[in-house]
Amino acid sequence: MLVPGWLDADAQLRLVAACRDWARPPAGMHTVRMPNGAMMSVRTVGLGWDWYPYGYRRVAADGAPVKAFPPELARLARSAVAEAYGGSVGDIAGAVGYEPDVAIVNHYPHGAKMGLHQDRDERADAPVVSLSLGDSCLFRLGNTETRTRPWTDLELRSGDLLVFGGPTRFAYHGVVRTRPGTADPALGLTGRLNITVRQSGL
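My aim in this report is to walk through the structure given alongside it, one point at a time.

### Re the overall build of the protein
- On a plain count of helices and strands, the protein comes out with two helices and 12 strands.
- Counted from the first residue to the last, the protein has its helices and strands arranged as β-α-β-β-β-α-β-β-β-β-β-β-β-β.
- Against the compact-globule benchmark of 17 Å for 202 residues, the protein has a radius of gyration of 16 Å, which places it among compact chains.
- Projecting the C-alpha coordinates of the protein onto the three principal axes gives extents of approximately 40 × 35 × 35 Å.
- Across the protein, the fraction of contacts at a sequence separation of at least 24, relative to all contacts at a separation of at least 6, is 75%.
- Taken as a whole, the protein presents about 9,400 Å² of accessible surface, with 54% of it coming from carbon and sulfur.
- Side chains of the protein carry 22 positive and 20 negative charges; the gap between the two charge centres is 7 Å.

### Observations regarding the pattern of salt bridges
- The tally for this structure, following the rule as stated, stands at nine salt bridges.
- With its nearest N and O atoms 3.5 Å apart, the salt bridge here joins Arg78 to Glu99. With Arg78 in helix α2 (residues 71-85) and Glu99 in the loop between α2 and β5 (102-108), this pair connects stretches of sequence that are 21 residues apart.
- Taking the relative accessible area as the measure of exposure, Arg78 reaches 32% and is therefore partly exposed.
- The salt bridge involving Asp119 is made with Arg198; its shortest N-O contact spans 3.5 Å. Of the two residues, Asp119 is situated in the loop between β6 (114-117) and β7 (128-134) and Arg198 in strand β12 (residues 192-198); the sequence distance between them amounts to 79 residues.
- The exposure class of Asp119 is buried, given its relative accessible area of 4%.

### Quick notes on the packing of aromatic side chains
- Enumeration over the complete set of coordinates arrives at one aromatic pair.
- Considering the side-chain rings of Trp51 and Tyr54, the 6.3 Å spacing of their centres and the 75 degrees angle between planes classify their relative orientation as edge-to-face.
- Of the residues examined, Trp51 reaches a relative accessible area of 16% and is grouped as buried.
- The residue whose ring lies beneath Arg58 is Trp49, and the NZ or CZ to ring-centre distance is 3.7 Å.
- The ring of Tyr108 is capped by Arg192, whose NZ or CZ atom sits 5.1 Å from the centre of that ring.

### Brief notes about the nonpolar core
- Ranked by internal contacts, the top residues of the largest apolar core, which has 36 residues, are Trp22, Val105, Val129 and Ile195.
- Those elements that place two or more of their residues in this core are α1 (9-23), β2 (43-47), α2, β5, β7, β10 (161-164) and β12.
- For this core, the element with the highest residue contribution is α2, accounting for seven residues.
- Not counting the four nearest positions on each side in its chain, Ile195 is found in contact with Leu15, Cys19, Trp22, Leu73, Ile104, Val105, Val129, Ser130, Leu131 and Leu133.
- If you look at the next biggest cluster of nonpolar residues, it comprises 13 residues, including Leu156, Leu162, Phe164 and Ala171.

### Description of α1
- End to end, α1 covers 21 Å across 15 residues, agreeing with the expected 21 Å (1.5 Å per residue, within 8%).
- What α1 keeps buried is the set Ala11, Gln12, Leu15, Val16, Ala18, Cys19 and Trp22. Each buried residue of α1 lies within a common arc of 165 degrees when the element is viewed along its axis, so the set occupies one face.
- The inward-facing, buried residues of α1 contact β2, α2, β5, β7 and β12.

Cut-offs used in this document
Residues numbered from 1 in each chain as written. Predicted model: local features only at pLDDT ≥ 70, side-chain atom pairs only at ≥ 80, totals over all residues. Heavy atoms only, no water. Helix = DSSP H or I, 4+ residues; strand = E, 2+ residues; numbered from the N terminus. Rg over C-alpha atoms; globule rule 2.2 N^0.38 Å. Contact = heavy atoms within 4.5 Å. Areas by Shrake-Rupley, 256 points an atom, 1.4 Å probe, with all protein chains shown as cover. Lys, Arg positive; Asp, Glu negative; His and termini not counted. Charge placed at Lys NZ, Arg CZ, Asp CG, Glu CD. Salt bridge = Lys/Arg side-chain N within 4 Å of Asp/Glu carboxyl O. Buried < 20%, exposed > 50% of the residue type's maximum accessible area, 1.4 Å probe, protein only. Phe/Tyr/Trp six-rings, centres within 6.5 Å; stacked < 30°, edge-to-face > 60°. Lys NZ or Arg CZ within 6 Å of the ring centre and 35° of its normal. Core = buried A, V, L, I, M, F, W, Y, C linked by side-chain atoms within 4.5 Å. Expected span 1.5 Å × (residues − 1). Arc of directions from axis to C-beta.

Remember, this is a structural readout, not a statement about activity or role.
Right, dumping it as structure tokens:
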């Protein structure tokens, strides 16, 4: 479910400021090395749990305890799920009583992207809430079986809300490219920030 412009300008500014705080060490923003030795082109920081390929841990990459999951993100994510699904919220697995406890904040500098992948490291099928800040991107939402077609390409802009749950909870998805220079200069942000909020089930 895509809700364009869900975050107003003030909410976006508050989240960008919060991301700057979360990005500071210890347990700050870092680049993840994949099992094949490749480095991801995004930089990431975890809240509540630290994501690594392929699981979660309480200790960040620098050995420091992971930053706490902010209550304000939990409230925002619960509102997002309720608004995205409206009257059909009861039909979506894990949407009623949604209790998120982890967030992954990714910073996409110019040229960064993310290959098609599934969010399968959680032990819950509750929806994933995705918030976009800064530069627009081309987001690819695929199917649940393979990384190949069919897929749907969406342009995600700053302030947009995307929630995927129910039949699409385990769909392959990724960022094909960002669109440098499309962010509102008032955000003071270079590149794109994406905040995904999840219920780990851990």
